[in-house]
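Inside the fold
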Amino acid sequence: MSDLTLDSQRVSLALLRAVLRRPVRVALGPQALQQVDASRALIARIVNQDGAVYGVNTGFGLLAQTRIARERLVELQRNLVLSHAAGTGPMLDDAVVRLVMVLKLISLARGFSGVRPDVLQALMTLVNSDALPCIPSRGSVGASGDLAPLAHMTAALLGEGHIRLKGQTLPAAQALAQLGMAPLILAPKEGLALLNGTQVSTALALKGLFAAEQVFAAAIVAGAMSVDALKGSDAPFDARIHAARGQPGQMQVAGLYRELLAGSAIRESHRDCDKVQDPYSLRCQPQVMGACLDSIGHVSRVLEIEANAATDNPLVFAADDAVVSGGNFHAEPVGFAADCLAVAVAEIGAMSERRTAVMVDPKMSNLPAFLVPDSGLNSGFMIAQVTAAALVSENKSLAHPASVDSIPTCANQEDHVSMATYAARRLTDMTRNAATVVGIELLCAGQGIEFHRPLRSSPPLESALALLRHRVSNYDHDRLIHPDIEAATALIEAGDLATLVNLPGAA
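An account of the accompanying structure is given in this report.

Quick notes on the rules
- Residues numbered from 1 in each chain as written.
- Predicted model: local features only at pLDDT ≥ 70, side-chain atom pairs only at ≥ 80, totals over all residues.
- Heavy atoms only, no water.
- Core = buried A, V, L, I, M, F, W, Y, C linked by side-chain atoms within 4.5 Å.
- Buried < 20%, exposed > 50% of the residue type's maximum accessible area, 1.4 Å probe, protein only.
- Helix = DSSP H or I, 4+ residues; strand = E, 2+ residues; numbered from the N terminus.
- Contact = heavy atoms within 4.5 Å.
- Pairing = 2+ DSSP bridges.
- Axes fitted to C-alpha atoms, helices over the stretch in contact; angles between N-to-C directions.
- Parallel < 35°, antiparallel > 145°, perpendicular 65-115°, else oblique.
- Nonpolar A, V, L, I, M, F, W, Y, C, P; charged D, E, K, R; others polar.
- Phe/Tyr/Trp six-rings, centres within 6.5 Å; stacked < 30°, edge-to-face > 60°.
- Patch = residues over 30% accessible without salt bridge, like charges linked within 9 Å, V, L, I, M, F, W, Y side chains within 5 Å.
- Areas by Shrake-Rupley, 256 points an atom, 1.4 Å probe, with all protein chains shown as cover.
- Salt bridge = Lys/Arg side-chain N within 4 Å of Asp/Glu carboxyl O.
- Left-handed = near helix turned anticlockwise from the far one by under 90°.

1. With respect to the nonpolar core
In terms of nonpolar packing, the biggest core is built from 163 residues, with Leu 16 and Phe 216 touching the most fellow members. Counting residues per element, this core draws most heavily on helix α9 (residues 199–229), at 20 residues. Once residues within four sequence positions are removed from consideration, Leu 16 is found in contact with Val 11, Leu 99, Leu 103, Ile 106, Leu 206, Phe 210 and Ala 307.

Laid out in structure tokens, this is it:
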């Protein structure tokens with residue numbers, strides 16, 4: 001179990017990766033507690049003085065002009081949560097729910113939300129017990145925050161809905177009782193603070209980012225293996241070419257290919273051959289994968305900022321004795337980032353599938369047809385390449401930008417939305433598709449390299465092949481190929497190949 005203390009320092013992507021992977025224990029530092037207390041005190045003064053503040057003693061959205069009597073403010077917050085818990089579809093997986101709660105704690109701990117420390121403590125108790133509210137995955141447009149899914153999270157604190165605890169799905173009230181917790185009674189502003197925010201879209205985007213990093217690293221390794229399998233040239237990775245252009249990701253990726261291919265006896269065996277140029281899917285790997293790396297870096301920066309942001313509304317500035325309404329809940333930065341990442345993931349898979357297509361084609365590869373001995377009797381990787389093509393085509397459709405598809409909500413009060421939650425959620429399917437596509441390339445490249453025996457590839461690529469062969473044997477005759485594809489995909493998703501590629505921040 002990881003430990004995370006929320007105080008004045010930013011939470012890093014490395015810590016957020018740990019939250020996604022395993023249970024975490026969260027604590028609140030003294031500076032954060034002081035900031036939370038100060039903002040809560042300001043809200044209490046406003047309530048006592050009967051000042052009108054949105055979401056504290058008014059209705060919500062189009063009903064913002066409706067004043068609510070002081071004796072009904074607790075009811076107002078509870079009604080907000082229950083009415084907004086309108087999600088639908090499959091439940092978010094446990095890892096994402098854990099990350100959502102931690103992100104909400106990070107936001108509340110900034111001290112701009114006007115909630116009591118009791119609210120943070122209740123949420124921390126769930127996190128520290130790995131008690132995970134059941135949150136439907138669909139129903140957010142990423143505008144006034146992820147209202148519906150965060151309402152389901154909050155409803156669990158009130159004893160409503162369900163919680164997954166120790167492998168069981170329990171009524172929330174029963175789960176809270178097992179944890180020694182009473183259902184939370186929300187004070188003014190607290191329901192709104194819990195429901196506003198971009199934590200669900202950000203958690204889903206982070207999940208997509210971390211998966212994309214693994215697929216990217218594996219695609220670099222598989223692409224280098226394909227160069228050797230096809231007896232391709234390493235000249236396109238010459239540092240001078242990439243320095244002449246100056247794109248940072250391109251230069252870095254070309255260096256990775258040079259490192260991965262250094263010392264390959266297969267490369268040396270054809271250094272003086274008369275082939276002039278390789279297909280783009282081999283030759284232009286630094287250009288394409290470098291652009292993908294730059295996109296991944298941009299998305300990382302955006303999401304790290306968002307993970308540490310105060311994104312509810314209104315925000316409480318205790319030092320200025322002010323409560324200010326704005327729009328930090330609008331998830332456009334997350335939507336744009338998710339769309340950018342989706343394009344990169346689609347391109348990683350597209351390049352990988354093209355290398356597979358070259359390898360299975362004897363006219364292009366000078367290898368046995370479909371990479372299997374006695375082809376004709378054996379079909380080899382014929383349909384594996386078709387599967388890769390199908391997944392690449394699916395990813396092309398999924399890569400259509402979601403953030404341009406605004407639709408008005410809340411009687412046109414919320415008349416522009418980000419669709420960031422869908423933009424981020426679809427990354428799970430896309431990264432899985434891309435991992436499978438790269439897994440198929442990895443299988444094919446391994447076959448190709450072994451056709452060149454006794455020549456050996458470079459030490460790093462032979463290590464990659466050994467990792468593959470630990471899970472999947474050489475395909476020397478037709479057999480049920482589905483388990484091979486699943487095993488290669490699992491190897492990529494486990495991150496084992498990423499250890500062969502030095503990518504800063506992708507550990």
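2. Examining the sheet that holds strand β6 (residues 162–165)
Spatially, 3 strands are ordered β4-β6-β7 in an open sheet, and the strand pairing comes out antiparallel. The sheet is open, and its two borders are formed by β4 (132–133) and β7 (168–171), each paired with just one other strand. The pairing of β4 with β6 spans 2 bridges and is classified as antiparallel. Residue pairing for β6: Leu 132 is matched across the bridge by Arg 164.

3. Re the environment of Phe 336
Note on placement: Phe 336 falls in helix α15 (residues 332–360). The class for Phe 336 is partly exposed, based on a relative accessible area of 49%. In this structure, the C-alpha to C-alpha distance between Phe 336 and Val 404, residues 68 residues apart in sequence, is 9.1 Å.

4. Notes on helix α1 (residues 13–21)
Turning to α1, its buried residues number three or more, namely Leu 13, Leu 16, Arg 17, Ala 18, Val 19 and Leu 20. On its buried side, α1 packs onto β1 (2–6), β2 (24–28), α4 (94–109), α9 and α14 (285–307).

5. Considerations on the packing of α9 against helix α19 (residues 459–471)
Running from amino to carboxyl end, α9 crosses α19 at an angle of 110 degrees, the nearest separation of the two axes being 10 Å. Relative to α19, the element α9 is oriented roughly perpendicular. Residues Val 221, Ala 224, Met 225 and Asp 228 of α9 form the contact with α19, whose own contacting residues are Leu 461, Ala 464 and Leu 465. Split into classes, the residues belonging to the contact of α9 with α19 amount to 6 nonpolar, no polar and 1 charged.

6. Quick word on the packing of aromatic side chains
Tallied over the full model, the rule gives 3 aromatic pairs. Judged by centre distance (5.1 Å) and plane angle (55 degrees), the rings of Phe 381 and Tyr 475 are tilted. Here Phe 381, found in the loop between α16 (362–365) and α17 (382–398), pairs with Tyr 475, found in the loop between α19 and α20 (482–493); they are 94 residues apart in sequence, far enough to count as distant. In this structure Tyr 475 comes out as buried when scored by relative accessible area, which is 3%.

7. Considerations on a nonpolar patch on the surface
A cluster of nonpolar side chains, namely Met 382, Ile 383 and Val 386, defines an oily patch on the protein surface of about 240 Å² accessible area. The topology assignment puts Ile 383 in helix α17. Owing to a relative accessible area of 51%, Ile 383 belongs among the exposed residues under this scheme.

8. Considerations on the environment of Pro 149
Note on placement: Pro 149 falls in helix α6 (residues 147–157). Considered as a pair, Pro 149 and Tyr 54 are 95 residues apart in the sequence and their alpha carbons are 22 Å apart. Discounting residues that sit within four places of it in the chain, Pro 149 has contacts with Ile 135, Pro 136, Ser 140 and Val 200.

9. A few points about the packing of α14 against α15
Packing of α14 against α15 leaves a shortest axis separation of 9 Å and a crossing angle of 155 degrees. Judged on the interaxial angle alone, α15 and α14 are roughly antiparallel. At the point where α14 passes α15, the crossing takes the left-handed sense. Contacts from Gln 285, Val 288, Met 289, Cys 292, Ser 295, Ile 296, His 298, Val 299, Val 302, Leu 303 and Glu 306 in α14 reach Pro 333, Val 334, Ala 337, Cys 340, Leu 341, Ala 344, Glu 347, Ile 348, Met 351 and Arg 355 in α15. Looking at side-chain class alone, the contact of α14 with α15 contains 15 nonpolar, 3 polar and 3 charged residues.

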